Amino acid sequence: MDRGELIAEIKKQLHEEMKYYKKSLEDKIPDEQKKQAKEAKDVATAFVKENPWASVGMALLAGFVIARMIYRRKDEQ
């Protein structure tokens, strides 16, 4: 078995495992929560489409805040 075939086989196995775990998790989530999550996703998607630059700004701000929190932790050690 060459390297390409090995990688393809590993990808296939991982894909099958992911499908199993996804199905397992979906079965544990109540339908009401699935509906709420879909509605939240739809609202967020609409906001991003209507306000792309505001979305970019919020992502930059979130990245900056996270980076500052990580940087401060390293200084405290």
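Remember, it's a predicted structure, so these values are computed and weren't measured experimentally. (Residues numbered from 1 in each chain as written. Predicted model: local features only at pLDDT ≥ 70, side-chain atom pairs only at ≥ 80, totals over all residues. Heavy atoms only, no water.)

Visitor: I tried to follow the packing of aromatic side chains on my own but got confused; where do I start?
Guide: Within a pair of aromatic rings, the relevant descriptors are the distance that separates the centres and the angle that separates the planes. Under the definition given, this model contains one aromatic pair. A ring pair is formed by Tyr20 and Tyr21, whose centres lie 5.1 Å apart and whose planes are at 70 degrees; its orientation type is edge-to-face. (Phe/Tyr/Trp six-rings, centres within 6.5 Å; stacked < 30°, edge-to-face > 60°.)

Visitor: How should a nonpolar patch on the surface be read in this particular structure?
Guide: A surface patch of nonpolar side chains, amounting to about 430 Å² of accessible area, comprises Met1, Leu6, Ile10 and Leu14. By the secondary structure assignment, Leu6 is in helix α1 (residues 3-28). (Patch = residues over 30% accessible without salt bridge, like charges linked within 9 Å, V, L, I, M, F, W, Y side chains within 5 Å. Areas by Shrake-Rupley, 256 points an atom, 1.4 Å probe, with all protein chains shown as cover. Salt bridge = Lys/Arg side-chain N within 4 Å of Asp/Glu carboxyl O. Helix = DSSP H or I, 4+ residues; strand = E, 2+ residues; numbered from the N terminus.)

Visitor: I'm lost on the environment of Val65 in this one. Help?
Guide: Its place among the elements puts Val65 in helix α3 (residues 52-76). For Val65, a relative accessible area of 39% puts it in the partly exposed group. (Buried < 20%, exposed > 50% of the residue type's maximum accessible area, 1.4 Å probe, protein only.)

Visitor: Looking at this model, I keep getting lost on the pattern of salt bridges. Mind explaining?
Guide: Opposite charge on two side chains permits pairing when their charged atoms draw close. Overall, the coordinates contain four salt bridges when judged by the stated rule. Taking the shortest distance from any N to any O, the salt bridge between Lys19 and Glu16 comes out at 3.6 Å. Taken together, the residues span about one helical turn, with Lys19 and Glu16 both in helix α1 at a distance of three residues. Residue Lys19 is classed as partly exposed on the basis of its relative accessible area of 45%. For Lys38, the salt bridge goes to Asp42, with nearest N and O atoms at 3.1 Å. One end of the pair, Lys38, and the other, Asp42, are both in helix α2 (residues 31-50), four residues apart, so they sit about a helical turn from each other. The exposure class of Lys38 is exposed, given its relative accessible area of 51%. Salt bridges linked by common partners bring Lys38, Lys41 and Asp42 together as one network.

Visitor: Explain the side chain of Ser55 here, please?
Guide: Looking at the element boundaries, Ser55 is found in helix α3. A relative accessible area of 15% means that Ser55 is categorised as buried. If we ignore the near neighbours within four places in the chain, the residues touching Ser55 are Phe47 and Val48. (Contact = heavy atoms within 4.5 Å.)

Visitor: What am I meant to see in the confidence of the model for the chain here?
Guide: Fine structural detail should not be taken from predicted coordinates in areas where pLDDT scores are low. Summarising the model, the chain shows a mean pLDDT of 90, and 94% of its residues fall at 70 or more. At the low end of the mean pLDDT range in the chain sits α3, at 89; at the high end sits α2, at 95. (pLDDT = per-residue confidence, 0-100.)

Visitor: I keep staring at the environment of Trp53 and nothing clicks. Help me out?
Guide: Inspection of the secondary structure assignment puts Trp53 in helix α3. Among the residues examined, Trp53 registers a relative accessible area of 72% and is labelled exposed. On a C-alpha basis, the gap between Trp53 and Tyr71 in space is 27 Å, while along the polypeptide they are 18 residues apart.

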